[in-house]
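# Inside the fold
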Amino acid sequence: MGTKGGKKIYRLFLLLLSVGTLVAGLPRFENHITMEKHRFVLNGHGVREKFWIDLYAVALYLPQKSRDAEKIIRADEPQLMRLVIVSSLISKKRMKKGIEEGFEKSTHGHTEALKERIGRFTEAFGDHLGKKDRLDLFYEPGKGVTVLKNGKPMVTLKGHDFKEALWGIWLGKEPVQKDLKEKLLAEK
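One structure accompanies this document, and this report is about it.

Calculation criteria
- Residues numbered from 1 in each chain as written.
- Predicted model: local features only at pLDDT ≥ 70, side-chain atom pairs only at ≥ 80, totals over all residues.
- Heavy atoms only, no water.
- Core = buried A, V, L, I, M, F, W, Y, C linked by side-chain atoms within 4.5 Å.
- Buried < 20%, exposed > 50% of the residue type's maximum accessible area, 1.4 Å probe, protein only.
- Helix = DSSP H or I, 4+ residues; strand = E, 2+ residues; numbered from the N terminus.
- Contact = heavy atoms within 4.5 Å.
- Pairing = 2+ DSSP bridges.
- Arc of directions from axis to C-beta.

Grouped together as the largest cluster of nonpolar side chains are 38 residues, with contacts concentrated most on Met95, Phe121, Leu137, Leu166, Trp167, Trp170 and Leu171. No other element matches the 7 residues that helix H5 (residues 160-171) contributes to this core. In this view, tryptophan 170 contacts Tyr56, Met81, Leu83, Ile99, Leu137, Pro175, Val176, Leu180, Lys181 and Leu184; residues no more than four positions away in its chain are not counted. Of all hydrophobic cores here, the second largest spans 14 residues; its members include Ile33, Ala59, Val86 and Phe138.

Encoded structure:
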């Protein structure tokens, strides 16, 4: 085997090694979670990707499993979305931009009534957001969406309308990633 063949094999080895590292670096989501006396079952999970790069893993937890995205979005019952950052390319600035774009799509450009809460939501990421950080988005009827960063409560944002718009980022008619929406609804 010549030098060119050896270089190709070496590059292939590095590619396979990096893919294995990406897969091994994905978090495992528990089948059941209890939060604030509410017991949830894992409805589905997947990875948000952009340009073939895994950005964050997300899991949807519900009181009971469902494949009906509209029903999940509109439900006024306790629910939980868990996001775990898996890429060192994610920063607070990039996540904020992605979330703001997601709200635009989710609400079809009607973010005016949510603008102040969206700002408070993205500020809840703290000064730094990076690999292995976990964001829990916990919705409770009458209370709102509580954002927890690495288990620490950061802010609670009132309003079922905010929860609907937030969940719509991943489950709406124009989700951030169609195959991710399907994976969040996949477990049955």
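Take the side chain of asparagine 43 next. When you line up the elements, asparagine 43 lands in strand S2 (residues 38-50). In this structure asparagine 43 comes out as buried when scored by relative accessible area, which is 0%.

Our next topic: the pairing of strand S5 (residues 134-140). Of all 7 residues in S5, 6 are buried; the element is thus mostly enclosed. One ladder, built from 6 bridges, connects strand S4 (residues 79-85) with S5; its direction is antiparallel. In the strand pairing of S5, leucine 83 is matched with leucine 135. Pairing between S5 and strand S6 (residues 144-149): 6 bridges, direction antiparallel. Looking at S6, one finds that leucine 137 is bridged to valine 147. Counted along the chain from S5 to the antiparallel partner S6, the turn is 3 residues long, and its residue glycine 142 has a positive phi close to 80 degrees.

Attention now moves to helix H4 (residues 115-123). Among the residues making up H4, those that are buried are Arg117, Ile118, Phe121 and Thr122. Down the axis, H4 shows its buried residues gathered within 135 degrees of arc, on one side only. Where H4 is buried, its residues contact helix H3 (92-106), S5, S6, strand S7 (152-157) and H5.

What follows covers unusual backbone geometry. Here the phi dihedral of glutamate 36 falls at roughly 50 degrees; this positive angle occurs in a residue that is not glycine. Within the element layout of this structure, glutamate 36 appears in the loop between strand S1 (32-35) and S2. The class for glutamate 36 is exposed, based on a relative accessible area of 54%. One non-glycine residue, lysine 37, lies in the positive phi region at around 70 degrees. Turning to its location among the elements, lysine 37 is positioned in the loop between S1 and S2.

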